[in-house]
Amino acid sequence: MLFAQNRRDFLKIATATPFVPGSLGAMGELALCCEDKSIRSMCEMCSSRCPMEARVVNGKVVALQGNAYDKAMGTSLCARGVAGISQLYDEQRLTQPLIRVGKRGENKWRVVSLEEALEYIATKLNHLKKTYGARSVIFSSKTGESYDMLRSFAYAFGSPNVFSHWSSCPIAIESAFEHTVGETMHRDFENANYILNFGHNLFEGLDIPLTKAMARFASNPSKKLVVFDPRFSLMASKANEWYPIKAGSDLAFVLSLLHVWIRDGKYDKNFVQHYTIGFDKLEKALKESTPQWQERLTGIEAKVVERIADEVYQAAPRCIIDWGHKATTAPSEYQRSRAILIANILMGNVEKRGGIYFPKSAKCINAISFDEIIPTLNEAYPRIFPNEERLDGAGQHGSYVFVPKEHGVLQAIPEAILSQEPYTIKGWFLTRHNPLITLAHPQKMKEAMQNLEFIVVNDIYLSDTAMMADVVLPEATYLERDEGIRDQSDKVPCYTMRNRVIPSLHGTKSALEILRSLAQKLGVDHNYRWDTMAKLRVHQAKGNDAFLEVLLRRGVATFGIPELFLRESKDVERFVEHYPKSKALLCKEGCFSHFFHTLQTPSGKIEIFCEKVEKIFEGYGLPCAVDMDVTQGYPYVLTSGKSAIHTNGHTHNVPYLHQLMSDNPIWMHPQTAKVHGLKMGDTFYVENGISKEKATVFITEGIRPDTLFAYMGFGRDAPSLKRAHGKGLNPSKLLSLRSAPVCGSMITNVGVKITKV
Amino acid sequence: MGKAYRLLYDENACIGCQACSVACRVEHGVPEDFFRLQVRMELKGVFPRLGMSYERMACVMCEDAPCVSVCPTFASFQDKDGLVHIDERVCITCKYCILACPYHARFINPLKNVVEKCDFCYESRVSKALLPVCVSICPTEALMFGDMNEHDSLVYETSHKEALIFPKAHLKTKPKVAFLPKRKGMKS
C-alpha cells in the first residue's frame, strides 16, 4: 500500500496544479501546457452515466464524444450527450443563489452570495428541527452521487425521510429482483438469439452500451426481436414482429407464455429443480392462464402465444424476456416484473451468454478468485438510519413495507404534508429532482408545497419545482465538477469517475460540495472522512494512487478480467486457469453453480414463490392475473414515454435539444381522430377525474385506436425556461397518486376521455 | 493515387436519434434551424401493418455533381479526391446550386451569407486522418467511412458483401454515399 507518503503527493497534483489527463498526455507528448486537451469524464444529460470525453481548446469546451477507453462506448454519444455543450454555455442557466422575496411560486427573488444562502438554509433547517423535529424535513434526489450524499446528510441531520426517483421509475423491477433473486440482474442483448420486448424502448430511452448491443442484435438478420407495445415505437420498427398489445396487459401475455411452457414441459427442468423454489405452486396457479384466456385481455391471438412460446424455448438459453427500465405502466407492475423475471428463469438463461446475469463487481470477482485482485472502495457517504418512523412507512410497516426505506414512495408525500399524518412535515430539500414534471398529480403536489415552511432546490435551471422554493442553489453542471469514484460493474468489474472538464463558469458548486459545507455549518459532519473532492477520492480509493491516476486520466478503470458467466463452462474454465484458487468452487458440471444456493433471498435460492410477500399481500407471492385495468372505465388510455432527444424533466430547455423537439402533440389513431372530428394539429381536451388538459393532436397510424401517447417532460410551467415554457402537455397532470401494490410504483397509464375545445 | 472515399449508411442500425445531426452542428457551428445533416423517419402502412423508413439527408458527394456544373463563379468545386466543396470567398449566394441539388443538401448560412453543406468534415477531421464526426459519434455504428482503394477497409468489405442502394441512382450523379436498405419489418 502506497498510502502514507504518496497520498500527500497525490493531493498536491489533484488540488494545486491543473492536472490534465488527456490523449496527448497519455502518449507522452508535451500536452500538459497545450491549449488543446481531452478530458475523460461521465455524462449526465440523462441517468445512464455514459463514459465520455470532452475536448477543450483554450479553456472552451468544443466537443463531447464517447470515451473510447470504455470498449462498449467507443466514441459514440447520443444527441443529448453531444448537446451538453449547449447546456453548459446556455445563458438561461442559473448562475447565482436566489432567495424568495414574493409569495411562494411567484418567481420573485433576491440574488445572494452562496455563503448567505447556506447560512440561511442552516438557520432554517435548525429552526425546523427544533420546532417540529428533524423528521419534518424531506430530502429527495435522483439516484447517483448527489443522492448518496443527500441521504448521508439527511440521516446525519436526523431525518428518515429520504426519497430517490425510484418509485417514479425502476422500483417494480428492483423489487422483483430483490424478492426473486436477491440482487439486480443485467441482460446480454448482443449475444441473445431471441428477445421478447415489452416496451423497453432502448432506441428512445438511450443508454449507449445497451442501445448499441440492442442495435447490433436487432439489425442482425439471423436474430429475432418481437416487440409488444400499444404504440409503433422505434423499437417496434426494428422488430421482426410487432404486437400492439392493449395497454396494461403485458402480464396476461407473460402468464399465458408461462402456462404454455409448463403445460408442454418446455422449460429448463434441471435448472428449475436445482436452483428454484415454488415451481409446483406456480404450476397450479397458472392452470387457467391459457392462450385463449389472454386473447380478450391483450388483443393477441392464442396461436401467437403458442408459436412464440415454442420459438423462445427453441432459442433458450440464448433468449431474453426483457423487463424494461422505467417500468411504471400499470397497477400490475410488480406482478408483471416478477412474471417476466420468472419467464427468464424457466428458460434457464441465468448466467448464460445471451441470457441474464449478475453484475460482476470487484466483491464478486474477489470472492470467486479468493484474492484481492480488484480494488474495492471505502464508503464515502456514511449513513446510519435515524431510528424514526418514515412518513410513508417504507420498509417499516403498512402498504409500503416492501419498499426500500432508502428510496421511499414519492406519491405519498402530498397527502402526508396536507394531512399532517403521520406527523408534521414542514421542509423539503431537493437536488437534481423535478417532481412537478416527473411525478403524478403535480397540481396536488403544488398545493402541498404551499403548506411547507421551507423548500430548497438545487438545480442548473430555474425549473418548475425550483419556482416553488425559498432558496434556489445554482448547481455546477456535470462538466464543471469533480465527483467520487462510482462502481459501474457489468460483465466485468468497472469503476468510473466524473472529472471536471473546465472550472465552473459562474463559480457554482456541486451538490456534494454544497451538502458538505452545510453538514459542517449544522455540526453534523463528524462521520465524513473528507472535506474536499480530492480527499473524498483518496478516501474511497483507500489511498491507491495508481488506481486513481487511471481514473483521472481515463475516466474509467477496468482490470483485464475475462468475461465470466457462472454457468458457461468455457468461461469458468478460463477463469480457473487465470485464478487457480477458484477451482475450489467448481461444481460437477464445471460451473460456479454454488452461487445459486447462496443468493440473498430468504431461502438462498431463486424464489418463484415468495413467502414473505404472500404473508402480507395475500395472492401476491406468485405471479397472477391482477391489477391489469388501466382504463378506470374511460374509453381511452393515455400512455407516455421517453424520446431520444429529451430526458425526463431535465433537457427540454437545452438549446440544441429544444430546437430538435420543442413540443409533444398527442399521438392519436386516425379512426379515433375522425370520431372526435379532429384534424392534424387541432386542439382538444384530454380529461379524467383528476384533470382536464388542453392538448394538440398528432394523428398517426402508429398507435392503437383505444390508446393515446405523449412524450414526457413537456408542458413546463416555469417562465425562466424561456424556450420550453408553456409548450406541450405535461401528462403527469392526468395521473393519480395511487401506487402499484407491493412495490409502490407510480402508474403512468391512465384512463381518459377526449372532448372538443 | 487519390482517395475513393465512401460513406455507408446502414438503415438497419440507424435509430433516428439525431446524435449525428447535433454533433455536426457542434463541429461546424451550423446556425439554429438549419441542418447540414438530419435523419428523417417516415411511418408507412396502415395499422397494424406498419413500417418505418430511416433516411440520412445530407450531401452525397456526387461524382457527377450538378451543383458544380451550374455554379457561375466556380465556388462549388471538386477536389483531387472528388469531394465537393464550396469556396466561401467566391460564393455569391445565387442559389443555382441549391436548386440544382437533387438531394436538398444545401442552404444559405444567414450568419456568413454563403451556401453551406456537408463536406464529410474534410478540413476539420478527414484531412487529419479522423473520421467524419457523424460516423464517430453514431450510437449504433450505423455509419461507415473509408477509402474504397483500400481493400481491407470496412467500407470496401461491406460494399462487396451487401446490396447497396445509391440515392436517386437514376439521376446518374454517382454518389459517394450509399445505403444498406433494411432487412426487417415492412418494406417501404
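Computed from a predicted model, the values in this text were never measured in an experiment. (Residues numbered from 1 in each chain as written. Chains lettered and ligands numbered in written order. Predicted model: local features only at pLDDT ≥ 70, side-chain atom pairs only at ≥ 80, totals over all residues.)

*Asks:* Got a minute to help me understand the overall build of chain A in this structure?
*Replies:* Assigned secondary structure in chain A consists of 26 helices and 27 strands. Against the 2.2 N^0.38 benchmark of 27 Å for 757 residues, chain A shows a C-alpha radius of gyration of 26 Å, consistent with a compact globule. Across its three principal axes, chain A shows a C-alpha extent of roughly 70 × 70 × 50 Å. Put simply, chain A has 757 residues, and 59% of those count as buried. (Helix = DSSP H or I, 4+ residues; strand = E, 2+ residues; numbered from the N terminus. Rg over C-alpha atoms; globule rule 2.2 N^0.38 Å. Buried ≥ 20, exposed ≤ 12 C-beta atoms within 10 Å, placed from the backbone.)

*Asks:* What's the story with the overall build of chain B in this structure? I'm lost.
*Replies:* Within chain B one finds five helices and nine strands. The buried share of chain B, reckoned over its 188 residues, is 43%. Long-range pairs, those at least 24 residues apart, make up 56% of the contacts in chain B with a sequence separation of at least 6. (Contact = placed C-beta atoms within 7 Å.)

*Asks:* Quick question: what am I supposed to make of the interface of chain B and chain A here?
*Replies:* Interface size, as often reported, equals the accessible area lost upon joining of the parts. Residue-level contacts link 32 residues of chain B with 34 residues of chain A. Where the side of chain B that touches chain A is concerned, the elements lending two or more residues are helix H1 (19–28), strand S2 (38–46), strand S3 (49–57) and helix H4 (133–137) of chain B. Looking at the side of chain B that touches chain A element by element, the count peaks at six residues for H1(B). Of the residues in the side of chain B that touches chain A, the class split is 16 nonpolar, eight polar and eight charged. (Nonpolar A, V, L, I, M, F, W, Y, C, P; charged D, E, K, R; others polar.)

*Asks:* Is there a simple way to explain the pairing of strand S3 (residues 60–66) of chain A in this structure?
*Replies:* Within a regular strand, side chains alternate between the sheet's two faces. By the criterion of burial, S3(A) is predominantly enclosed, with five of the seven residues buried. Taking the residues that link successive antiparallel strands as the turn, the strand S2 (residues 51–57) of chain A-S3(A) hairpin has two residues, and the phi of Asn58(A) there is positive, at about 50°. (Pairing = 2+ DSSP bridges.)

*Asks:* Explain the sheet that holds strand S7 (residues 162–163) of chain A here, please?
*Replies:* Within a sheet, adjacent strands bond to each other through the backbone by hydrogen bonds, running parallel or antiparallel. Residue and element names in this part refer to chain A. In space, the seven strands of this open sheet follow the order S5-S4-S17-S16-S15-S6-S7, with mixed pairing throughout. At either margin of the open sheet sits one strand with a lone partner, and together these are strand S5 (109–111) and S7. With three bridges connecting them, strand S4 (residues 98–100) and S5 associate as antiparallel partners. Along S5, the bridge assignment pairs Arg100 with Trp109. Of the strands in this sheet, strand S6 (137–141), S7 and strand S15 (427–431) touch helix H6 (residues 145–157), which is tilted by about 165° from S6. (Axes fitted to C-alpha atoms, helices over the stretch in contact; angles between N-to-C directions.)

*Asks:* Is there a simple way to explain the sheet that holds strand S8 (residues 143–147) of chain B in this structure?
*Replies:* Residue and element names in this part refer to chain B. Spatial strand order, S8-S1-S9: three strands in an open sheet with mixed pairing. Looking at which strands have only one partner, the edges of the open sheet turn out to be S8 and strand S9 (177–180). On average, adjacent strands in this sheet sit at an angle of 20° to one another, irrespective of strand direction. Of the strand pairs in this sheet, strand S1 (residues 5–10) and S9 are connected by four bridges, and their pairing is parallel. When the bridges of S9 are listed, Tyr9 appears paired with Phe179. Packing against the sheet, helix H5 (residues 154–161) makes contact with S1 and S8, and its axis sits at approximately 110° to S8.

*Asks:* Would you mind showing me how to read the packing of helix H7 (residues 171–180) of chain A against helix H15 (residues 333–346) of chain A here?
*Replies:* Two numbers describe a pair of packed helices, the interaxial angle and the distance between the axes. Residues and elements named next belong to chain A. Look at H7 against H15: their axes get within 8 Å of each other, and the N-to-C directions meet at 55°. Between H7 and H15, the interaxial angle falls into the category oblique. Read as a crossing pair, H7 and H15 show a hand that is right-handed. In this structure, H7 uses Ala172, Ile173, Ser175, Ala176 and Thr180 to contact H15, whose residues at the interface are Glu333, Tyr334, Ser337, Arg338, Leu341 and Ile342. Its residues placed into classes, the contact of H7 with H15 shows six nonpolar, three polar and two charged. (Parallel < 35°, antiparallel > 145°, perpendicular 65-115°, else oblique. Left-handed = near helix turned anticlockwise from the far one by under 90°.)

*Asks:* Could you clarify how one ought to interpret the environment of Ser69(B) in this entry?
*Replies:* Residues and elements named next belong to chain B. Among the structural elements, Ser69 can be located in helix H2 (residues 66–70). Given 11 C-beta atoms within 10 Å, Ser69 falls into the exposed group. Put simply, Ser69 and Ile15 are 54 residues apart on the chain and 35 Å apart in space, counted from C-alpha to C-alpha.

*Asks:* Could you clarify how one ought to interpret the domain arrangement of chain A in this entry?
*Replies:* Residue and element names in this part refer to chain A. Taken as a whole, chain A is organised into domain 1 (3–77 + 479–558), domain 2 (171–360 + 594–616) and domain 3 (636–756). With centres defined by C-alpha atoms, the gap from domain 2 to domain 3 works out at 28 Å. Opposite the 21 residues of domain 2 that make contact, domain 3 presents 22 residues. Taken together, the elements giving at least two residues each to the side of domain 2 that touches domain 3 come down to H7 and H15. Top element by residues in the side of domain 2 that touches domain 3 is H7. It accounts for three residues. Across the side of domain 2 that touches domain 3, the residue classes tally to 12 nonpolar, six polar and three charged. (Domains from an automatic or database assignment.)

*Asks:* Where do I start with unusual backbone geometry in this structure?
*Replies:* Excluding glycine, a negative phi dihedral is what most residues carry, and trans is how most peptide bonds are arranged. Residues and elements named next belong to chain A. Omega for the bond connecting Ala316 with Pro317 falls within 30 degrees of zero, at 5°, which places this linkage in the cis form. Tracing the sequence through the fold places Pro317 in the loop between helix H14 (302–315) and strand S13 (319–322). Residue Pro422 follows Glu421 across a cis peptide bond; omega there is 0°. Relative to the elements of secondary structure, Pro422 occurs in the loop between helix H17 (413–419) and S15. Of note in this structure, Asp627 is not a glycine but carries a positive phi near 60°. Mapped onto the fold, Asp627 is located in the loop between helix H24 (611–616) and strand S22 (636–641).

*Asks:* What is the right way to read the pairing of strand S25 (residues 692–699) of chain A from this model?
*Replies:* All names here are of chain A. Judged from the three bridges that link them, strand S23 (residues 666–668) and S25 form a sheet pairing that is parallel. By the bridge assignment, Met668 is partnered in S25 with Ile699. Counting the residues that bridge the hairpin from strand S24 (residues 683–687) to S25 gives four residues.

*Asks:* Even after reading the chapter, I still don't get H1(B), so can you show me in this structure?
*Replies:* Because an α-helix packs 3.6 residues into every turn, residues spaced three or four apart end up facing the same way. Residue and element names in this part refer to chain B. Of all 10 residues in H1, nine are buried; the element is thus mostly enclosed. Considered for burial, the residues of H1 that qualify are Ala19, Cys20, Ser21, Val22, Ala23, Cys24, Arg25, Val26 and Glu27. Phi turns positive one or two residues past the end of H1, at Gly29, with a value near 60°.

*Asks:* Can you help me understand the nonpolar core in this one?
*Replies:* Grouped burial of nonpolar side chains is what soluble globular proteins tend to show. Ala79(A), Ile666(A) and Ala19(B) are the most contacted members of the largest nonpolar core, which totals 290 residues. In terms of residue count, helix H10 (residues 250–263) of chain A provides more of this core than any other element does, nine residues in total. Ignoring sequence-local partners within four residues, the contact set of Ile666(A) consists of Val686(A), Ala695(A), Thr696(A), Val697(A), Phe698(A), Leu708(A), Phe709(A), Ala710(A) and Leu729(A). Core analysis: the second largest hydrophobic core is formed by 12 residues, Ile485(A), Phe547(A), Leu552(A) and Val556(A) among them. (Core = buried A, V, L, I, M, F, W, Y, C linked by C-beta atoms within 7 Å.)

*Asks:* Any chance you could explain the packing of H10(A) against H14(A) here in plain terms?
*Replies:* Residues and elements named next belong to chain A. The geometry of H10 relative to H14 is characterised by a closest axis approach of 9 Å and an angle of 65° between their N-to-C directions. Compared by their axis directions, H10 and H14 come out roughly perpendicular. The crossing of H10 and H14 is right-handed. On H14, the residues that touch Phe253, Ser256, Leu257, Val260 and Trp261 of H10 are Val305, Glu306, Ala309 and Tyr313. When the residues that make up the contact of H10 with H14 are grouped by side-chain class, the tally is seven nonpolar, one polar and one charged.

*Asks:* How should the environment of Gly144(A) be read in this particular structure?
*Replies:* Secondary-structure assignment places Gly144(A) in the loop between S6 and H6. Separated by 342 residues in sequence, Gly144(A) and Arg486(A) have C-alpha atoms that sit 8.9 Å apart.

*Asks:* Hey, could you run me through the confidence of the model for chain B in this one?
*Replies:* Low-pLDDT portions of the prediction should not be read for the details of their coordinates. Per-residue confidence for chain B averages 96 on the pLDDT scale, and 98% of its residues sit at or above 70. Model confidence for the complex: the whole-complex pTM is 0.95, and ipTM, which rates the interface, is 0.96. (pLDDT = per-residue confidence, 0-100.)

*Asks:* How do you make sense of helix H22 (residues 545–554) of chain A when you look at a structure like this?
*Replies:* Residue and element names in this part refer to chain A. Of all 10 residues in H22, seven are buried, a share of seventy percent or more. Within H22 the residues assigned to the buried category are Asp545, Phe547, Leu548, Leu551, Leu552, Arg553 and Arg554. Gly555 lies just past H22 and shows a positive phi near 75°.

*Asks:* How should I be thinking about the environment of Gln443(A) in this particular structure?
*Replies:* Residues and elements named next belong to chain A. The topology assignment puts Gln443 in helix H19 (residues 442–450). It is 9.6 Å that separates the C-alpha atoms of Gln443 and Leu734, two residues lying 291 residues apart in sequence. Discounting chain neighbours no more than four positions away, the residues touching Gln443 are Ser691 and Lys733.

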